[in-house]
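Coordinate inspection notes
One letter stands for each residue in the lines below.
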Amino acid sequence: MKKPSSYLKKIRKCIHSQKFIRCYSRDTHSFVRQRIWGFPEVFVSIFHGLTQSLSVQIDTLFRAMGVQKIVSSKQAFSHARQKLKYEGFIALNDELVHSFYTVGDEKRYKGYRILSIDGSDIRLPNSPEICREFGTHSSGMAMSSASILYDVMNHLTLDSQLGKCYANERTQAIMHLENLIRLEGGRLKRKTIVLFDRGYPSMHLLCFLQKHQIDFVIRCAAQAFIKPVIAFSHSDATDDILEIKLEELNKQNFLKLKPYFPDFKALDLRVIRLSRPKDKDLFLLTSLTHPEAFSTSDFEELYHKRWGVETQYNYLKTTMELENFATKTALGIRQEFYATILCANIYELIAEDAEEEYQAEQASKGKKDNTKINHRVAAGFVKNELIDLLYSDIPIETIYARVLQKIKQNRVVSKPGRSFERKVRHRRKFHQNNRTVS
């Protein structure tokens, strides 16, 4: 994707296209007649983010459309949104990902695209329908298990899943990878490494990754996985190549794997020990078995990149207010979740575009700069202009240039190498009856 503005043009065209409207309306009778809440108006409202009071949100939308008087109610909007499929946001995100990688100028590590998969619990409103659809936590709160496939070097969410409470994160990981393989035409078209945390090790996942020739780095608990890894953890070695013969696994595991991977006999894995104080060494399993390409020390840097997916969840939940839902229906939850994922991707791409322009300007002046984009402020600037970007008749290039200029002017000092003690904080809990107005 040369410019995110070109993708915004595509979205603006799509939401007014009869083909797109027919495809992502829930029935053939929806959005047929000209009404106040047509497909574009509903789509842009959800896409913009319903984090304010609905009355304020409706007023904001109509003023951006040039209507000075509110001519609709909250109930009318809530009724209209029930006609829209949430899959429309997923389709546009797939198109964004495809467009981004088509250009082929993404950031890589040693020629590899670095992806990471991780899950997180999402708090939901406690309506009866949502509790039935997603399930509840032991505390009685409605919850969902979300999972994302994230490009940690290009700050892009390639795929997302919103599952039931206590959904199996390994199953969600396989669904992510299947969707990515489908999106890229049946096989991955670039060298890829997928990073996993310690909740993911399983023989089924390892076999799936090897079957599709996907390289990986996965953290494992040395005392709670397969016997060769346990034996390695008791040795003094820091690096070793293991051959895991499937028939030597316990009978139950072997019988579970055989129907899915009948041709597999063994897995060639490399196990890495990363030293940590107080005998809390980290153990990594990887398919990157060639020490000349990836040394033991490379895995320290590589595994650290996994932290990008953690910071993305922080960005989604704080800056994007992912858990601040404005609905009591399961359909509405999915609409807002997938719209937020798409919106976050666009915000990040625009911020990166502004950063590249700024650095190019500084280089042309022969200046060095130790500042960086303030991503939270950048998101606010884009959100303020989003309705105009997607709905108004003003040329996108005009609005886009204005947004970039604002983002470039708001920077923070970059201090590489800083580290802080991790503190447990009580996160703000959003609730329908206590919604923000600004």
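Structure: above.
First, a word on what this report is: a plain description of the structure on this page.

Reading the values: rules and limits
- Residues numbered from 1 in each chain as written.
- Predicted model: local features only at pLDDT ≥ 70, side-chain atom pairs only at ≥ 80, totals over all residues.
- Heavy atoms only, no water.
- Salt bridge = Lys/Arg side-chain N within 4 Å of Asp/Glu carboxyl O.
- Buried < 20%, exposed > 50% of the residue type's maximum accessible area, 1.4 Å probe, protein only.
- Helix = DSSP H or I, 4+ residues; strand = E, 2+ residues; numbered from the N terminus.
- Arc of directions from axis to C-beta.
- Pairing = 2+ DSSP bridges.
- Polar contact = N/O pair within 3.5 Å; in protein donor to acceptor, adjacent residues only side chain to side chain.
- Contact = heavy atoms within 4.5 Å.
- Axes fitted to C-alpha atoms, helices over the stretch in contact; angles between N-to-C directions.

1. Focus on the pattern of salt bridges
Scanning the entire structure with this criterion turns up 21 salt bridges. The closest approach of N and O atoms between Glu-184 and Arg-190, which form a salt bridge, is 3.6 Å. With a relative accessible area of 17%, Arg-190 lands in the buried category.

2. Focus: helix α12 (residues 296-304)
For α12, the full list of buried residues reads Asp-298, Phe-299, Leu-302 and Tyr-303. Down the axis, α12 shows its buried residues gathered within 125° of arc, on one side only. More than 90 degrees from the buried face of α12, the exposed residues found are Ser-297 and His-304.

3. A closer look at the pairing of strand β8 (residues 282-286)
Taking burial as the measure, the five residues of β8 include five buried ones, the bulk of the element. Burial of β8 is two-sided: the residues Leu-282, Leu-284 and Thr-286 facing one way and the residues Phe-283 and Leu-285 facing the other way are all buried. One ladder, built from four bridges, connects strand β5 (residues 215-220) with β8; its direction is antiparallel. Residue pairing in the sheet places Val-217 in a bridge with Thr-286 of β8.

4. Thoughts on the side chain of Glu-106
Locating Glu-106 in the fold gives a position in the loop between α6 (87-103) and β1 (113-123). Here the side chain of Glu-106 touches Arg-108 through a polar contact of 2.9 Å, side chain to side chain. Reaching out from Glu-106, the side chain makes a polar contact with the side chain of Arg-190 at a distance of 3.0 Å. Once residues within four sequence positions are removed from consideration, Glu-106 is found in contact with Phe-100, Tyr-101, Asn-154 and Arg-190.

5. Things to note about the sheet that holds strand β2 (residues 143-151)
One open sheet holds the eight strands; their spatial order is β3-β2-β1-β4-β5-β8-β7-β6, and the pairing between them is mixed. Because the sheet does not close on itself, it has two edges, and the strands there are β3 (156-164) and β6 (239-245). Direction aside, the axes of adjacent strands within the sheet are offset by 25° on average. Bridge count between β6 and strand β7 (residues 266-274): seven bridges; the pairing is antiparallel.

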